[in-house]
Amino acid sequence: MDHFIKNIVSLLKEKIDLPEDGIKRLIEIPPDPKMGDYAFPCYSLSKTLKKSPNVIATELSNAIHTVRPIAEIKAIGPYVNFFVEKETLSEITLKTISEERDNYGIRSAGKGKTVIVDFSSPNIAKHLAVHHLRSALIGNAIYHIYKTLGYRCVGINHLGDWGTQFGQLIVAYKKWGGENAHHAYTVTDLNDLYVKFHQEAEKDPGLEDEAREWFKKLESGDAEAKNIWQHFKDISLKEFQKIYDMLGIHFDAFVGESFYNTMVQDTVTRIKEKGITKVSEQALIVDLEPYHMPPCLLRKKDDTTLYATRDIAAAEYRKKTYDFDKMIYVVGSEQKLHFNQFFKVLELMGYNWANCCVHVDFGLMKFKDGKMSTRKGKVVLLEDLLVEAVERIKEIIEEKNPSLENKEAIARDVGIGAVIFADLCTKRSKDVVFDWDEALNFEGETGPYVQYTHARLCSILRKFGKPMTADINFGLLKEDETVILIKNLGQFPSVIMKAAEFYEPSLICNYLIDVCASLNRFYNAHRVLSDDAELTKARILLVNTTRQVIKNGLRLLGMQAPERM
Ligand code: ARG
């Protein structure tokens, strides 16, 4: 598709005073192919040329001469509309996909550049929360999208494994930890200890002082404190890893906040040397009043450091270690202020790379019936949610296709895929409402629907049963439904670019839904396997390339594409 846009841009460039890139961005695909294959809107030229967009469109369409593969140019209202040679369109698009296969969509735009994606980043000694799941899924998709564009990607899990709460937990563990010593400790036990600490501290405020003492010991490297803390960390990582394995998510590094403990003092010294710190109520802060933000707290009065201090140290360390071109933090919207604050401190420290740091925020995940309920009823852990999704899909398969081979594996791919898709298909800044019936529906705009469409295409190809050949008469792929589908397939690379630009995996989901809808319209209107051998060959190629694009798209989202369902 890039091919035609390139042609159109070079025709337009001769006649209008806009940079190539600007023209390219304006080009649209009209919803009705009768209006043209591509359209250039003239609104933005209206001001400089002091003419109405309709007049400009007419003048432009008269001034530009068609050159192959552009077949016709026509003004329609404020748009200059371009019709391309259908045969060339089909040939270029389908040949490119058939040649590039699993690599279709891969670009080299990011070659030589490094992107860090900081994602999921749960807190140890607590269960992975729903926002850590959202961050994991959005971050994983962004990681794959950037990788496809040729960037070197470094996925970092910035574990929350430091802070005064670990002092509290150590106190609780020492006092009451023995009560659970008869079995291997779990995150649930740690959670219980945490709750118990807060209950007891209400009655005995001295416990808080003890906790502060223990955290100070931890910060200064006390062996006993470190051992207990390490134990908490091991338990937590084991539980997190189980969920990441279920989701098929990989991190290049698990480097938690604790890692920066030895660096924070130097970081604080550097910030102080810039003359931007102040002491306020015995705490060390950076005043951000001129930027209309509350102060950034660097060090508390008891000398311990904070979340923000560790994030600043981490940013410095990552710049030194990876020399990133972009650093993406995938963290919920509720931390917007935190990121604005510490990005500002980086800027005030004189780091010109501060503006390469981006907070990719997202809304909440809510559950239709209020709580996050599964059949077990109780407050649900993420693991239960994933397990239940797989079980429910297993029941659907059992009912619809009981003789399916490999049921377990397929139910896992589809169940997990349903959760991933349900999470990613909403624009990330909006809240997601998770509803079991909706997410698992094979006919809605869901993961199972996209995967099922893919499996149906695989089944048509199995029925055809012959190898694909190169001698295709592309002139046969000419009906409206067919051309719309082919155009959809050709858009994949530019959709990936856009998804990267806006850090928006939902664009990939919407795109896949569009492709499936076009495929279904094509499939309902035309027979793929018929007595006409030439036509069958051409349509089979279309089926195979559509299958390929869906598979590549699902991969970007971190989903599997089973061949049978
Ligand atoms: N652990 C934090 C939380 O659960 C998220 C960390 C996000 N990453 C970061 N570099 N601050 O809220």
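Data block above holds the structure.
Values in this document were obtained by computation on a predicted structure and should not be read as measured data.

A. The arrangement of the packing of aromatic side chains in detail. Summed over all chains, the structure comprises 28 aromatic pairs. Their ring planes at 65° and their centres at 5.7 Å tell us that tryptophan 162 and phenylalanine 215 sit as a pair that is edge-to-face. With a gap of 53 residues between them, tryptophan 162 in the loop between β5 (152-157) and α7 (165-176) and phenylalanine 215 in helix α9 (residues 206-219) connect regions that are remote in the sequence. Of the residues examined, tryptophan 162 reaches a relative accessible area of 3% and is grouped as buried. A centroid spacing of 5.1 Å and a plane angle of 90° characterise the contact between phenylalanine 259 and tyrosine 260, whose relative ring orientation is edge-to-face. Three or more aromatic residues joined by ring pairs form one cluster here, namely Phe119, Tyr244, Phe251 and Phe254. Looking at lysine 319, its charged tip hangs above the ring of phenylalanine 324, at a distance of 4.9 Å from the centre. The positively charged end of arginine 392 is found above the aromatic ring belonging to tryptophan 436, 4.3 Å away from the centroid.

B. Structural view of the sheet that holds strand β7 (residues 277-280). Across the sheet, three strands lie side by side as β7-β8-β9; this open sheet has antiparallel pairing. At either margin of the open sheet sits one strand with a lone partner, and together these are β7 and β9 (296-299). Within this sheet the neighbouring strands show an average axis-to-axis angle of 40°, counted without direction.

C. The arrangement of the pattern of salt bridges in detail. Per the stated rule, a full pass over the model turns up 32 salt bridges. For the salt bridge of aspartate 37 with lysine 487, the shortest nitrogen-to-oxygen distance reads 2.9 Å. You can see aspartate 37 sitting in the loop between α2 (20-26) and β1 (38-41) and its partner lysine 487 sitting in helix α18 (residues 480-490), a full 450 residues away along the chain. For aspartate 423, the salt bridge is made with arginine 134, and the minimal N-O distance between the two is 3.2 Å. One end of the pair, aspartate 423, is in helix α15 (residues 407-424); the other, arginine 134, is in helix α6 (residues 130-148), and 289 residues separate them in sequence. In this structure arginine 134 comes out as buried when scored by relative accessible area, which is 1%. Counted as one network, the salt bridges with shared partners bring together Asp37, Lys86 and Lys487.

D. Region of interest: the site of the ligand. Taken together, Asp118, Ser121, Asn123, His132, His158, Tyr307, Asp311, Tyr329, Val331, Gln335 and Phe339 are the residues near the ligand. Between the ligand and the protein, one listed contact pairs a nitrogen atom with a side-chain N or O atom of asparagine 123 at 2.7 Å. Between the ligand and the protein, one listed contact pairs a nitrogen atom with a side-chain N or O atom of tyrosine 307 at 2.8 Å. Within the complex, the protein chains bury 93% of what would otherwise be the 350 Å² of accessible surface of the ligand. Residues of the shell around the ligand, tallied by class, amount to four nonpolar, five polar and two charged.

E. Quick look at the environment of phenylalanine 367. The topology assignment puts phenylalanine 367 in strand β12 (residues 365-367). Residue class for phenylalanine 367 comes out buried when judged on its relative accessible area of 10%. For the pair phenylalanine 367 and phenylalanine 434, spaced 67 residues apart in the sequence, the C-alpha separation amounts to 4.8 Å.

F. Here's a closer look at helix α17 (residues 447-464). The end-to-end C-alpha distance of α17, which contains 18 residues, comes to 26 Å, matching closely the 26 Å that a straight helix rising 1.5 Å per residue would cover. Most of α17 is tucked away: 13 of the 18 residues are buried. In this structure threonine 446 caps α17, since a side-chain oxygen of it lies 3.1 Å from the backbone nitrogen of tyrosine 449. Directly after α17, the chain includes glycine 465, whose backbone phi takes a positive value near 65°.

G. Just the side chain of lysine 487, in detail. Judged by relative accessible area, lysine 487 falls into the buried class, the value being 5%. A polar contact of 2.9 Å, which involves the side chain of lysine 487, links it to the side chain of aspartate 37.

H. Inspection of the sheet that holds strand β3 (residues 79-84) at higher detail. The antiparallel open sheet is built from three strands, whose spatial order is β1-β3-β2. Whereas interior strands pair on both sides, the edge strands pair on one side only; in this sheet they are β1 and β2 (70-76). Neighbour-to-neighbour, the strand axes of the sheet open up by a mean angle of 20°, direction not taken into account. Sheet analysis places β2 next to β3, joined by six bridges and oriented antiparallel. Residue pairing across strands places glutamate 72 opposite phenylalanine 83, the latter belonging to β3.

I. Expanded view of the packing of helix α19 (residues 492-501) against helix α20 (residues 506-525). The N-to-C vectors of α19 and α20 enclose an angle of 155°; their axes lie 8 Å apart at closest approach. Taken together, the axis directions place α19 and α20 in an arrangement best described as roughly antiparallel. Within the contact between the two elements, α19 uses Phe492, Val495, Ile496, Lys498 and Ala499 and α20 uses Leu507, Ile508 and Tyr511. In the contact of α19 with α20, the residues fall into seven nonpolar, no polar and one charged.

Reading the values: rules and limits
- Residues numbered from 1 in each chain as written.
- Predicted model: local features only at pLDDT ≥ 70, side-chain atom pairs only at ≥ 80, totals over all residues.
- Heavy atoms only, no water.
- Phe/Tyr/Trp six-rings, centres within 6.5 Å; stacked < 30°, edge-to-face > 60°.
- Helix = DSSP H or I, 4+ residues; strand = E, 2+ residues; numbered from the N terminus.
- Buried < 20%, exposed > 50% of the residue type's maximum accessible area, 1.4 Å probe, protein only.
- Lys NZ or Arg CZ within 6 Å of the ring centre and 35° of its normal.
- Pairing = 2+ DSSP bridges.
- Axes fitted to C-alpha atoms, helices over the stretch in contact; angles between N-to-C directions.
- Salt bridge = Lys/Arg side-chain N within 4 Å of Asp/Glu carboxyl O.
- Near = heavy atom within 4 Å.
- Polar contact = N/O pair within 3.5 Å; in protein donor to acceptor, adjacent residues only side chain to side chain.
- Areas by Shrake-Rupley, 256 points an atom, 1.4 Å probe, with all protein chains shown as cover.
- Nonpolar A, V, L, I, M, F, W, Y, C, P; charged D, E, K, R; others polar.
- Expected span 1.5 Å × (residues − 1).
- Parallel < 35°, antiparallel > 145°, perpendicular 65-115°, else oblique.
- Contact = heavy atoms within 4.5 Å.

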